Amino acid sequence: ILNVEQSPQSLHVQEGDSTNFTCSFPSSNFYALHWYRWETAKSPEALFVMTLNGDEKKKGRISATLNTKEGYSYLYIKGSQPEDSATYLCAFAAYSGAGSYQLTFGKGTKLSVIP
Amino acid sequence: NAGVTQTPKFQVLKTGQSMTLQCAQDMNHEYMSWYRQDPGMGLRLIHYSVGAGITDQGEVPNGYNVSRSTTEDFPLRLLSAAPSQTSVYFCASSYSNRGREETQYFGPGTRLLVL
């Protein structure tokens with residue numbers, strides 16, 4: 001079983017603060033790292049897929065970086081807004097043979113933005 | 001498109017009862033999967049299917065059966081429910097699992113309580 005760790009487990013920030021959190025994953029046999037956003041009472045939705053060391057992806061105020069050599073990815077939110085409150089999941093794509101991949105999810109970081 | 005739909009949204013069972021959680025997608029996705037979400041745990045893969053007639057076990061398959069007779073439907077069966085199966089169940093689909101960048105589309109979840 002692959003170890004995909006996310007920290008912190010939860011985070012409370014004031015509206016307007018910038019924040020970041022971490023996803024750690026095995027540095028060997030890397031194929032892809034996925035980020036999902038999961039709002040309460042909704043379904044997880046894909047944010048980014050990152051495949052190359054040094055990759056940086058951005059969507060509005062949310063961005064992510066990837067370091068495959070040391071096995072971590074950071075998710076940054078600039079100027080947090082209450083609507084950013086959600087659980088952010090990362091998932092490591094592992095090769096499962098015959099040209100197929102499986103995602104192993106971390107436990108998530110729950111972000112609460114206080115107005 | 002309705003995307004991924006799940007029924008029921010909420011179910012209470014007694015220990016030993018059986019039931020089927022329904023999942024359907026209208027995106028012509030080959031790959032479908034079932035996850036369970038428990039407090040303090042990440043999404044854990046129960047079973048998955050790479051196409052009609054093909055299913056395989058995930059990380060936590062015990063106590064669950066699946067079948068895939070059509071591309072659209074992927075029901076999850078609990079043959080004899082146990083309190084340990086109290087959880088939130090998510091169905092997900094993607095075009096395939098042969099690409100490391102394939103993102104998954106999640107259903108709204110089924111909350112199951114086994115007494």
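Only a predicted model underlies this, so the values are computations on that prediction, with no experimental measurement involved. For every chain, the first residue of its written sequence is number 1, and the numbers climb from 1 along that sequence. Working convention: letters from A go to chains and numbers from 1 go to ligands, in the order in which they are written. Confidence filtering applies because this is a predicted model: local features only for residues at pLDDT of at least 70, side-chain atom pairs given and counted only at 80 or more, and all residues used for totals across whole chains, interfaces and linings. To obtain the side-chain values, all non-hydrogen atoms of the structure were used and water was disregarded.

**Student:** Would you take a moment to explain the layout of surface pockets for this structure?
**Tutor:** Here the idea is plain: a probe the size of a water molecule rolls over the atoms and shows the empty space left. Grid points spaced at 1 Å over the protein atoms alone were grouped into cavities, where a 1.4 Å probe fits but cannot get out, and pockets, open sets with protein on both sides within 12 Å along at least five of seven lines, with lining residues defined by an atom within 4 Å of a point. Grid points are joined across faces, edges and corners, and a volume is the space filled by probe spheres set on the points. Reported here for the largest pocket is a volume of approximately 860 Å³. As for the largest pocket, its lining consists of 32 residues, of which A:Trp38, A:Thr87, B:Gln37, B:Val88 and B:Arg111 are closest to the centre. Numbering of helices and strands runs from the N terminus, with a helix taken as a DSSP run of H or I at least four residues long and a strand as a DSSP run of E at least two residues long. At the level of secondary structure, the elements contributing two or more residues to the lining of the largest pocket comprise strand S1 (5–7), strand S9 (86–97) and strand S11 (109–114) of chain A together with strand S9 (87–94) and strand S11 (110–114) of chain B. Following the grouping adopted for this structure description, the nonpolar residues are Ala, Val, Leu, Ile, Met, Phe, Trp, Tyr, Cys and Pro, the charged ones are Asp, Glu, Lys and Arg, and the polar ones are all others, Gly among them. A breakdown of the residues in the lining of the largest pocket according to their chemical character gives 11 nonpolar, 13 polar and eight charged.

**Student:** It is not clear to me how the environment of B:Leu76 should be interpreted in this structure. Could you clarify?
**Tutor:** Residues and elements named next belong to chain B. Counting through the fold element by element, leucine 76 comes out in strand S8 (residues 76–78). For the pair leucine 76 and threonine 15, spaced 61 residues apart in the sequence, the C-alpha separation amounts to 17 Å. Any two residues whose heavy atoms approach within 4.5 Å are treated as being in contact. If sequence neighbours within four positions are ignored, leucine 76 has contacts with Met19, Thr20, Leu21, Trp34, Ile46, His47, Tyr64, Asn65, Val66 and Tyr89.

**Student:** Honestly, the interface of chain A and chain B in this entry has me stumped. Any pointers?
**Tutor:** In this assembly, 22 residues from chain A lie in contact with 22 residues from chain B. Here the quantity called buried area is the accessible surface, traced with a 1.4 Å probe, that two parts lose on coming together, added over both. Summed over both partners, the interface of chain A with chain B comes to about 1800 Å²; 58% of that surface belongs to carbon and sulfur atoms. Sorting the residues of chain A by area buried against chain B places A:Tyr101, A:Gln102 and A:Phe105 first, and these three jointly supply 27% of that buried surface. Salt bridges are defined as contacts in which a side-chain nitrogen from Lys or Arg sits within 4 Å of a carboxyl oxygen from Asp or Glu. Applying the counting rule to chain A against chain B returns zero salt bridges. The term polar contact refers here to a pair of N or O atoms within 3.5 Å; inside protein, the definition further demands a hydrogen-donor-capable atom paired with an acceptor-capable atom, and it admits residues adjacent in sequence only when both atoms are side-chain atoms. Where chain A touches chain B, the interface holds six residue pairs in polar contact (both at pLDDT 80 or more). Mapped by element, the contributors of at least two residues to the side of chain A that touches chain B are strand S4 (32–38), strand S5 (45–50), S9 and strand S10 (100–105) of chain A. Element by element, the count of residues in the side of chain A that touches chain B is highest for S10(A), at five residues. Split by residue class, the side of chain A that touches chain B holds 13 nonpolar, seven polar and two charged.

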